[in-house]
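The lines below spell out each chain.
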Amino acid sequence: MKGLRPELQKIFGWVKPGSRVLDLGCGDGALLGSLQQNRGVKGYGVEIDPANVLSCLQKNINILQLDLDAGLTEFADNSFDYVIMTQALQALQYPHKTLREMVRVGRQSIITFPNFGLWKHRVYLSTKGRMPVSKALPAQWYDTQNIHLCTIKDFEMFCKEHSMLISKKDIVDYEHRSDTLMRLWPNLFGEVALYQINGE
Amino acid sequence: MSNFATNSLGVIQPQTLHFNEPLTLASGKTIDEYDIVYETYGSLNAKGDNAVLVCHALSADHHAAGYHSESDSKPGWWDLCIGPGKAIDTNRFFVVSPGNLGQCGGSTGPMSINPKTGKAYGPDFPVVTVSDWVNYQERLADSLGIAQWAAVAGGSLGGMQAMQWSIQFPTRIRHAIIIASAPKLSAQNIAFNAVARQAIMSDPAFHEGRYYDHKVVPASGLKIARMLGHITYLSDDAMGDKFGRDVKNEQLNYNYGVEFQVESYLHYQGESFAARFDANTYLLMTKALDYFDPAEKEGGDLAAVFSKTDSQFFLASFTTDWRFSPQRSREIVRALTDSKRDVSYLEFESNHGHDAFLVDNAEYIAAFSAYMNNIEISE
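Cut-offs used in this document
Residues numbered from 1 in each chain as written. Chains lettered and ligands numbered in written order. Predicted model: local features only at pLDDT ≥ 70, side-chain atom pairs only at ≥ 80, totals over all residues. Heavy atoms only, no water. Helix = DSSP H or I, 4+ residues; strand = E, 2+ residues; numbered from the N terminus. Rg over C-alpha atoms; globule rule 2.2 N^0.38 Å. Contact = heavy atoms within 4.5 Å. Areas by Shrake-Rupley, 256 points an atom, 1.4 Å probe, with all protein chains shown as cover. Domains from an automatic or database assignment. Buried area = accessible area lost by both parts, 1.4 Å probe. Salt bridge = Lys/Arg side-chain N within 4 Å of Asp/Glu carboxyl O. Polar contact = N/O pair within 3.5 Å; in protein donor to acceptor, adjacent residues only side chain to side chain. Nonpolar A, V, L, I, M, F, W, Y, C, P; charged D, E, K, R; others polar. Phe/Tyr/Trp six-rings, centres within 6.5 Å; stacked < 30°, edge-to-face > 60°. Lys NZ or Arg CZ within 6 Å of the ring centre and 35° of its normal. Core = buried A, V, L, I, M, F, W, Y, C linked by side-chain atoms within 4.5 Å. Buried < 20%, exposed > 50% of the residue type's maximum accessible area, 1.4 Å probe, protein only.

**Considerations on the overall build of chain B**
And then number 1: Across its full length, chain B carries 10 helices and 14 strands.
And then number 2: The C-alpha atoms of chain B give 21 Å as radius of gyration, which agrees with the globular expectation for 379 residues (21 Å, within 12%).
And then number 3: When its C-alpha atoms are laid out on the principal axes, chain B stretches across 65 × 55 × 50 Å.
And then number 4: For chain B, restricting intrachain contacts to residue pairs at least 6 apart in sequence, the fraction spanning at least 24 positions comes to 72%.
And then number 5: Carbon together with sulfur atoms contributes 50% to the accessible area of chain B, which is approximately 15,900 Å² in total.

So this is what it looks like as C-alpha cells:
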C-alpha cells in the first residue's frame, strides 16, 4: 500500500483479507489503519506511547493502551488470526514471554526485527571494539531502547527451542529488497528479518 | 457581557419532565409516577442522531455543565468536558443530563412527597439500581424524540450506566463512554459503602430514615460517610502532596482535636457535603453501586453479556485511582475484546485518584475529544 513504509507493505501482503488482527506496538496505527481500510481487517492496536495512542484514536482505530511487558492477559487463546509486532521485539523487557503470549493469542504471529548479525555490525564491533551504531540502530549503548537485540540465528534457535514453527520468512535490506547474498547468507547480509510463526 | 469563559455554556435552566407510567424496578417494586429534572446543552439536529446522554455519579446531579446564575461561582460537575469546543462539543452534540431517580437534586427521590401518604418517602422510597435508571432514561429519550443516542457517557457510577445502556438497549446507543469505572464492585468497595451506610444509620438523628418528620438531619453520620468516601476518591500521593503532615497550629496540642491539615480538610468536605446532600439518597446511591453486576445473569460471564451489544466502546482509567483502578477497567476491556467488540482503552497518568476524571489533564482531554470527534452525526 502506498504511504506505508516498505516493511509494513510486505506485512500488508501477508495478512489475509477480513482477518482479525492484533497489532502490538502499533505506533501511529499506519499498518492497522491501512489494513482496516483496504483489507476489511478488524482488530486492535496496542501501544503505550500517549502521542501514538492519540494518533490511532484520530485514525478511528481500536487502540488499547497497554504495556506489552505486562503480558497479553487481556486476550484469550487463539482469539486473533494474526498477532503482529513490528520492530518492537528488541525493545521489550521480556521478549521471550511476549513471543510465547503472541503464539498463544494468535493463530499466526508476524514479527520483524533488525538483524544484529549483519556484517556491518560485526565489522563495527570487531574493528572499533565498540557497540555498533548504524542507521537502523542509531542510539548509543546507554540510551538505546533496543535492549534485547538478536540475530537471525538467535531468533530461529529460539523458535526451535520453544516449539514455534516458522511458516513464512523474508530477509531483506532496509528498503525491503532482497539479493543473492541475503539469500545465501541471511544472517550476514540481511538487515531486516520478517517472520510468520505459529505454535505447534 | 457575561463573566463566563468563551467556551462556557453560560447560564443553564434545568427542566422537569413528569412521568405517569409506572416504572417497575429490579426489586419488583414500582414507582407509579415521578419527576425527572434534566439539563440540555446544544441542540438536537434534524435527524436526531447527535444526542449524548451524560450520566452522573454518586453525589452529582443533573447540573453537569454551565452555571445556574450569573453570580454562580461553580459550574456543573463535568463542565471540564461539556461545552462549545470541549470534548463533548455542544457545537456538534445535543447533550442531555438528567438527575437520576432517587437523587436529591430535584428528580423524585427519598426527599420527595409520596403521593400516597402526603409525606416524604424517606426509607419507603424503593432501592433503585443502575438498570432501573437506564429504564427511566429510555423513557426520557422517547420523550425528547431521541431514537438512538450517539453516545452515553459517564465516569464511575455514570460509566456503569453507559455500560448498562449498551447491554439493555443495544440498538439505542452507538458509543458507550466508560470512564474510571468497574464491571462490578469489589468486596473492598462494598465494604467501604457498608461503613458509610452504618455511619448514617447509626446517627441518632437518622430515625430509621424518617428524619424529615422529626425536622432533623443525620448530619454527623452523613459527614463521616463523606469523609470516608473522600479518602477513597483521592490518591495517597495527592493527599501527601496537598497536606503531607502539615499541622494546623505551630505547636502540637496533644489532645483529640483536629491537629493535622488533612483532618481539617476532611471535616470541611464532610460538613459542606452534609449541608447539601440527603442521607437517604446517599444510602440509595451506594446500594445502586453495590448491586451493579451486569454479568450476574450470565453466570459472571461479562463477555457473553457484551456479545449481545451493538455499540462501540471507549474506556479510560487513571493510574492512581484505587477505588476503580485501571485493573478494573481492563477487566471490562478483556470482556469486550473476548466478545470481539470495538473498543479503545486509555490509561492516563494522574495523581488525582478516582477524582481524576473530573480534573483537567491535557492527554485525557485530547484523547476524549479525538474519540468524540470521530463519532459520526448528520449535519
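Structure's up, so let's keep going.
**Points about the domain arrangement of chain B**
Residue and element names in this part refer to chain B.
And then number 1: With domains assigned, chain B is organised as domain 1 (15-184 + 293-373) and domain 2 (190-286).
And then number 2: Taking only C-alpha atoms, the centre of domain 1 and the centre of domain 2 are 26 Å apart.
And then number 3: Facing 29 residues of domain 1, the contacting portion of domain 2 comprises 26 residues.
And then number 4: Between domain 1 and domain 2, roughly 2,200 Å² of surface is buried when both sides are summed, and carbon and sulfur atoms account for 61% of that area.
And then number 5: The interface formed by domain 1 and domain 2 includes two salt bridges.
And then number 6: Our enumeration of links across domain 1 and domain 2 arrives at 10 residue pairs in polar contact (both at pLDDT 80 or more).
And then number 7: Grouping the constituent residues of the side of domain 1 that touches domain 2 by class yields 15 nonpolar, 10 polar and four charged.

**Concerning the packing of aromatic side chains**
And then number 1: The full count for this structure, using the stated rule, is 29 aromatic pairs over all chains.
And then number 2: Connected via pairs of aromatic rings, a cluster forms that spans Trp77, Trp78, Phe314, Phe318, Phe348, Phe357, Tyr364, Phe368 and Tyr371 of chain B.
And then number 3: Positioned over the ring face of Tyr94 of chain A is Lys97 of chain A, at 4.4 Å from the centre of the ring.
And then number 4: Above the ring of Phe324 of chain B, the side-chain terminus of Arg323 of chain B is found at 5.8 Å from the ring centroid.

**A short note on the nonpolar core**
And then number 1: Within the largest apolar cluster, 105 residues are counted, with the highest numbers of intra-cluster contacts made by Phe155 of chain A together with Leu101, Trp133 and Tyr282 of chain B.
And then number 2: Examining the composition of this core, we find that seven residues originate from one element, helix α7 (residues 279-291) of chain B, more than from any other.
And then number 3: Both domains that furnish three or more residues to this core are identified here as domain 1 (15-184 + 293-373) and domain 2 (190-286) of chain B.
And then number 4: Ignoring sequence-local partners within four residues, the contact set of Phe155 of chain A consists of Leu89, Leu99, Ile111, Phe113, Cys150, Tyr195 and Ile197 of chain A.
And then number 5: Formed by 62 residues, the second largest nonpolar core is a distinct cluster that contains Tyr82 of chain A together with Ala64, Val95 and Ala153 of chain B.

**A look at the pattern of salt bridges**
And then number 1: On inspection of all chains with the given rule, the structure shows 24 salt bridges over all chains.
And then number 2: Between Arg104 of chain A and Asp77 of chain A there is a salt bridge, with its nearest N and O atoms 2.7 Å apart. Residue Arg104 of chain A is located in helix α4 (residues 95-105), and its partner Asp77 of chain A is located in the loop between β3 (63-64) and β4 (80-86); the two are separated by 27 residues in the primary sequence.
And then number 3: The exposure class of Arg104 of chain A is partly exposed, given its relative accessible area of 25%.
And then number 4: Residue Glu138 of chain B pairs with Arg172 of chain B through a salt bridge whose shortest N-O separation is 2.9 Å.

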